[in-house]
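# Geometric and topological summary
The chain contents come next:
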Amino acid sequence: MAYIIIRAITLVITHDEAYSFYNVKHFWYVETLCTGNTHWFNFLAIKTAVLLGFEKASQLRWFTVLCSGVFLTVIYIWLKSLQDLPTKLVAFSILLLNPYLVDYLSLARGYAAGLTFQSLSLLLLMLYFKFQDKRLGLLSLLMAGVSAIANFNFFYFFTAFCFIYFPLRYIKIFPQCLKQAIFYIEIIFTLGIIVLVLKALKFITLCSNDIGEYGGQELINSIFFGYIDTYMYGQYQLNNTTINGLAYLLFSALVIMSVYGIYKYRKHQNKCYTYSSILFLIMMFLCVFNKWCLQVLYPTYRTTLMFYPLIGLIIIGFMTSLKLPKKAHHLICYIVFIESAFHFISCTNFSKTFDYYHQENSKQCLTDLQSIGAKQVGLNGEIFGVYRNYYQMTEHFKYPFSAEILNTDVVLRDNFDANAIYKYDYLVLFPPYNLKFYYGKNIHLNPIKYYPETGTLIVQNRVNDRY
């Protein structure tokens, strides 16, 4: 938790956080609801901070940090239920010692909230099975629904949860349940969540379809490729073929573990393992169904975080159900824990994230431009987003120079004017430093400062000198 808090304080604003901040400061409901970048609870949390006058990046992340604390508490409660220290250590390492997970437990996005409500839903469901208190069942359904509102990707989890919850809750007492008020409350709540999320997704699709382009075409190469790639966190350079092989291995192992957890329930009697397996397989089926029937791309990278707690529960459930010899079990647990801890420590940092590494030097770069007296700057897109959407929208951190986005994309931007480069006194470039759209212009670029962490480069634009 301390590591998460420190990162929330030290990390500079990232691209997607900046756009959420922009929508809070420059609110227009169409633009705000038109993008999948707007995670509703996170948006309200940022709005609350701004209304109170708190606009630092760390202050905008207060809700994420709070959710992370709850998420870690739920994990702690589950870890305490495990029998021995080696099992607790390996469970801890699988569930938490993932640097990519920690990224999203520190950033002002909706993933920490989704994970928190998902984990609460699973915990309450297990408590419901233990105590048979219908209020716990209602709360577990409520948390599952709220996770879908916190982040629309978790609608997969909510749908799968309903397929489990309602048959287990009511099939034995049907039709007597038709006389219970709680039955109708749960039905109305479920339908309300379904309508709300589907309406929101339809609006986004018709308005911008920015969620339609993010995803993958193949199940394993989308979901599980991302798990391997993000876990390595750039520490190991493996080719795509090797990562694909590991992705297929992980997928196969999880399917086998899930099937074993379901069909061998009478042997291991672990309800958490069994129901996590069912939820995981249903979510996999829903992903395939959406892709084949509705042309919805498969989740990938950060959108697959909704599977993360279930995967951890399945792996630990499988390990404990095998009943290996004590020494062998302990040896495996310690090896996995040591490897995971060593890798996690090697990835420890307080300045960058996996998905938003482009912005690591953004604040320093903009501050340096201010210090050298820049007046008109051409910015690469990786930094322009945070400049426009965050720094120039705050009351306290505005920069005195004006900036426009450079065209460095492969595709030419609309209304692109190559002659605009003449008015910039400084340019900020990002690898691979593509300026082909300005080829032939009579300028001279003089390097000023280079940032080795990202490759960001400030150059002075000496107009009319021969290049």
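Below: a short report on this structure.

### Some details on the overall build of the protein
When helices and strands are counted, the protein shows 20 helices and five strands. Computed over the C-alpha atoms, the radius of gyration of the protein is 25 Å, within 12% of the 23 Å expected from 2.2 N^0.38 for a compact globule of 467 residues. Along the longest, intermediate and shortest principal axes, the C-alpha atoms of the protein span 80 × 55 × 45 Å. Contacts spanning at least 24 positions in sequence make up 71% of the contacts within the protein whose residues lie at least 6 apart. Total accessible area on the protein stands at roughly 22400 Å², and carbon and sulfur atoms take up 64% of it. The centroid of the 37 positive side-chain charges in the protein is displaced by 13 Å from the centroid of its 25 negative side-chain charges.

### Regarding the sheet that holds strand S5 (residues 456–463)
If you walk across this open sheet you meet the five strands as S2-S1-S3-S5-S4, and the pairing is mixed. This sheet does not close on itself; its edge strands, each paired only once, are strand S2 (402–405) and strand S4 (443–451). Direction aside, the axes of adjacent strands within the sheet are offset by 25° on average. With four bridges joining them, strand S1 (residues 376–379) and S2 adopt parallel strand pairing. Looking at S2, one finds that glycine 378 is bridged to glutamate 404.

### Describing the state of the cysteines
Under the criterion given, the structure shown has one disulfide. Looking at the unpaired cysteine 333, the closest cysteine sulfur is the one in cysteine 272, lying at 16 Å. A relative accessible area of 0% means that cysteine 333 is categorised as buried.

### A short note on helix H1 (residues 2–10)
Burial in H1 covers these residues: Tyr3, Ile4, Arg7 and Ala8. Relative to the axis of H1, the buried residues are bounded by an arc of 135° and lie together on one face. Along H1, the residues that are exposed and aim more than 90 degrees away from the buried face are Ala2 and Ile9. Each element contacted by the buried residues of H1 is listed here: helix H5 (57–60), helix H6 (62–81), helix H8 (99–104) and helix H18 (326–346).

### So, the side chain of asparagine 461
Here asparagine 461 lies in strand S5. Within polar-contact distance, the side chain of asparagine 461 engages the backbone oxygen of isoleucine 421 at 2.8 Å. Each residue touching asparagine 461, except ones within four places of it in the same chain, is listed here: Ile421, Tyr424, Asp425, Tyr426, Leu427, Ile443, His444 and Leu445.

### Let's talk about the pattern of salt bridges
This model, assessed by the stated rule, comprises 10 salt bridges. As a salt-bridge pair, lysine 449 and aspartate 368 come within 3.0 Å of each other at their nearest N and O atoms. Linking lysine 449 in strand S4 with aspartate 368 in helix H19 (residues 362–371), this pair joins segments that are 81 residues apart in sequence. For lysine 449, a relative accessible area of 34% gives the class partly exposed. Ionic pairing is found between lysine 423 and glutamate 404, a salt bridge with its closest N-O pair at 3.0 Å. Of the two residues, lysine 423 is situated in the loop between S2 and strand S3 (426–429) and glutamate 404 in strand S2; the sequence distance between them amounts to 19 residues. On the accessibility criterion, lysine 423 (43% relative accessible area) is partly exposed. One network of salt bridges, in which partners are shared, links Asp16, Arg109, Arg302 and Asp355.

### With respect to the nonpolar core
Residues Trp78, Phe224 and Phe307 are the most contacted members of the largest nonpolar core, which totals 108 residues. When near neighbours in sequence (up to four residues on either side) are disregarded, phenylalanine 224 contacts Leu219, Ala247, Leu250, Phe251, Leu254, Phe280 and Met284.

### Some points on unusual backbone geometry
Residue proline 175 is reached from phenylalanine 174 by a cis peptide bond, and omega for that bond is 5°. Inspection of the secondary structure puts proline 175 in the loop between helix H11 (155–170) and helix H12 (181–207). Each neighbour pair has its own omega, and for proline 431 with proline 432 the value is 10°, a cis peptide bond. You can see proline 432 is positioned in the loop between S3 and S4. At glutamine 132, a position not held by glycine, the phi torsion is positive, near 55°. Look at glutamine 132 and you get exposed, because its relative accessible area is 52%. With a phi close to 60°, tyrosine 233 is a non-glycine residue in the positive phi region.

### Side note on the environment of serine 222
Mapping serine 222 onto the fold places it in helix H13 (residues 219–232). For the pair serine 222 and tyrosine 76, spaced 146 residues apart in sequence, the C-alpha separation works out to 30 Å.

### Topic: the packing of H11 against helix H16 (residues 271–294)
H16 packs onto H11 with a crossing angle of 130° between their chain directions and a minimal axis gap of 9 Å. The angle between H11 and H16 falls in the class oblique. Crossing hand, H11 versus H16: right-handed. In this structure, H11 uses Tyr156, Phe157, Thr159, Ala160, Phe161, Phe163, Ile164 and Leu168 to contact H16, whose residues at the interface are Tyr275, Ile278, Leu279, Ile282, Met283, Leu286, Cys287 and Asn290. Per-class residue counts for the contact of H11 with H16 are 14 nonpolar, two polar and no charged.

Rules of the game
- Every chain begins its residue count from 1, and numbering advances along the sequence as written.
- Selection of residues for local features in this predicted model requires a pLDDT of at least 70, selection of side-chain atom pairs for listing and counting requires 80 or more, and totals for whole chains, interfaces and linings are taken over all residues.
- The basis for the side-chain values is all heavy atoms of the structure; hydrogens and waters are excluded.
- Under the DSSP-based scheme used, a helix requires at least four consecutive residues in state H or I and a strand at least two consecutive residues in state E, with every element numbered from the N terminus.
- Computation of the radius of gyration draws on C-alpha atoms, with the globule rule given as 2.2 Å multiplied by the number of residues to the power 0.38.
- Here a residue-residue contact requires only that any non-hydrogen atoms of the pair lie within 4.5 Å.
- We get accessible surface area from the Shrake-Rupley algorithm with a probe of 1.4 Å; when it comes to residues, only the shown protein chains can shield them.
- Charge assignment: positive for Lys and Arg, negative for Asp and Glu; neither His nor the chain ends contribute.
- Taken as the charge centre is NZ of Lys, CZ of Arg, CG of Asp or CD of Glu, depending on the residue.
- We treat two strands as partners when DSSP finds at least two bridges between them.
- Interaxial angles span 0 to 180 degrees and are taken between N-to-C directions of axes, which are lines fitted to C-alpha atoms, for helices over the stretch in contact.
- Any two cysteine sulfur atoms within 2.5 Å of one another count as a disulfide.
- To sort residues, take the accessible area from a 1.4 Å probe on protein chains only and compare it with the maximum for the residue type: under 20% means buried, over 50% means exposed, and anything in between is partly exposed.
- Arc definition: it is the arc formed by the directions from the helix axis to the C-beta atoms.
- For the purposes of these results, a polar contact is taken to be a pair of N or O atoms within 3.5 Å, where, inside protein, one atom must be able to donate a hydrogen and its partner to accept one; residues adjacent in sequence count only when each atom of the pair is a side-chain atom.
- A side-chain nitrogen of Lys or Arg and a carboxyl oxygen of Asp or Glu constitute a salt bridge if their distance falls within 4 Å.
- Put simply, buried Ala, Val, Leu, Ile, Met, Phe, Trp, Tyr and Cys residues joined by side-chain atoms within 4.5 Å make one nonpolar core.
- By definition in this entry, angles of less than 35 degrees are roughly parallel, angles greater than 145 are roughly antiparallel, angles of 65 to 115 are roughly perpendicular, and the rest are oblique.
- Each crossing gets its hand from how the near helix is turned against the far one by less than a right angle, where anticlockwise is left-handed and clockwise is right-handed.
- Residues are sorted three ways: Asp, Glu, Lys and Arg are charged, Ala, Val, Leu, Ile, Met, Phe, Trp, Tyr, Cys and Pro are nonpolar, and all the rest, Gly among them, are polar.

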